[in-house]
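What the coordinates show
Residues per chain, in single letters:
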Amino acid sequence: LFSGIYPASAGGYKITSKVIRFTELLADSRLSAKTFFPEGTPLYYVQRVRFLNGVAKSIDSSLLNKELIPGLTEEIAAGSLFDYIENVVGMEIRTIKRSITISHASGLDKKYLNLEAFDCTAVITSRNYNVNGEMFEYTESRNDPNSFQFNSVSWR
């Protein structure tokens, strides 16, 4: 398992992540219907626990198009994926489509997040596209409801 510290921590907070799963797979019909990656697309599957000042705040499960993001490793995934995509791969990120829902807590949520009296998580689903309109990433981020707050300002 790899852990990483983000290149810049926002607002004086220490933001880190720990990779708990890293594998490669091909999009099947079920994944294609859920994510919109075409069947047969080679993907990286990366699951990370995200920490704020040492406290687990979210679990991210990401599928990344291997053809658009070559050379991704577990060690790289422990850091900032966007930093790698933009500054190493050289891809320009253009559009991020997000939706937020509330979901019952899963066993993984209960294992890693301190849910206290909650039996749910806030789930942010993101589909990320490059400047050519190609989706390169699908992520579900399951967030601790005790401190969840969503603010968004995006421009590129």
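1. Some remarks on the overall build of the protein chain
Secondary structure assignment for the protein chain yields 4 helices and 7 strands. Each helix and strand of the protein chain, ordered N terminal to C terminal, gives the series β-β-α-β-β-α-α-β-α-β-β. Scaling as 2.2 N^0.38, a compact globule of 156 residues should have a C-alpha radius of gyration of about 15 Å, and the protein chain matches this with 15 Å. If you line up the protein chain on its principal axes, its C-alpha atoms span 40 × 35 × 30 Å. Within the protein chain, contacts between residues separated by at least 24 positions form 56% of all contacts whose residues are at least 6 apart in sequence. Surface summary for the protein chain: the accessible area is close to 8,600 Å², and the carbon and sulfur share equals 51%. Positive and negative charge centroids in the protein chain, built from 17 and 17 side chains respectively, lie 4 Å apart.

2. Overview of unusual backbone geometry
Phi at N53 is positive, roughly 50 degrees, even though this residue is not glycine. Mapped onto the elements, N53 comes out in the loop between β3 (42-52) and β4 (55-65). The class for N53 is partly exposed, based on a relative accessible area of 44%. The phi dihedral of E116 falls on the positive side, at around 50 degrees, and the residue is not glycine. Relative to the assigned elements, E116 resides in the loop between α4 (107-112) and β6 (120-130). By relative accessible area, which is 60% here, E116 ends up exposed.

3. What about the environment of F37?
Relative to the elements of secondary structure, F37 occurs in the loop between α1 (29-35) and β3. Note on F37: relative accessible area 1%, which makes it buried. Contacts of F37, omitting those with residues within four sequence positions, involve A27, S32, L43, L63, N65, M135, F136, E137 and Y138.

4. Comments concerning the side chain of R142
Mapped onto the elements of the fold, R142 is located in strand β7 (residues 135-143). Residue class for R142 comes out buried when judged on its relative accessible area of 15%. Within the local environment of R142, its side chain forms a polar contact with the backbone oxygen of H104, the two atoms lying 2.9 Å apart. Beyond its immediate stretch of four places on either side in the chain, R142 contacts K57, S58, I59, S103, H104, A105, S106, D109, L113, T121, A122 and V123.

5. Quick word on the confidence of the model for the protein chain
Averaged over all residues, the pLDDT of the protein chain equals 91, while 92% of them reach at least 70. When the criterion is pLDDT under 50, residues 1-8 qualifies, and its contacts beyond four places in sequence or with other chains add up to 29 contacts.

6. Looking at the side chain of Q47
Relative to the elements of secondary structure, Q47 occurs in strand β3. The class for Q47 is buried, based on a relative accessible area of 10%. A polar contact of 3.1 Å, which involves the side chain of Q47, links it to the side chain of Y45. In terms of polar contacts, Q47 uses its side chain to reach the side chain of S61, at 2.9 Å. In this structure Q47 touches K18, V19, I20, R21, I59, D60, S61 and L108, once residues within four positions along its chain are discounted.

Conventions we followed
Residues numbered from 1 in each chain as written. Predicted model: local features only at pLDDT ≥ 70, side-chain atom pairs only at ≥ 80, totals over all residues. Heavy atoms only, no water. Helix = DSSP H or I, 4+ residues; strand = E, 2+ residues; numbered from the N terminus. Rg over C-alpha atoms; globule rule 2.2 N^0.38 Å. Contact = heavy atoms within 4.5 Å. Areas by Shrake-Rupley, 256 points an atom, 1.4 Å probe, with all protein chains shown as cover. Lys, Arg positive; Asp, Glu negative; His and termini not counted. Charge placed at Lys NZ, Arg CZ, Asp CG, Glu CD. Buried < 20%, exposed > 50% of the residue type's maximum accessible area, 1.4 Å probe, protein only. Polar contact = N/O pair within 3.5 Å; in protein donor to acceptor, adjacent residues only side chain to side chain. pLDDT = per-residue confidence, 0-100.

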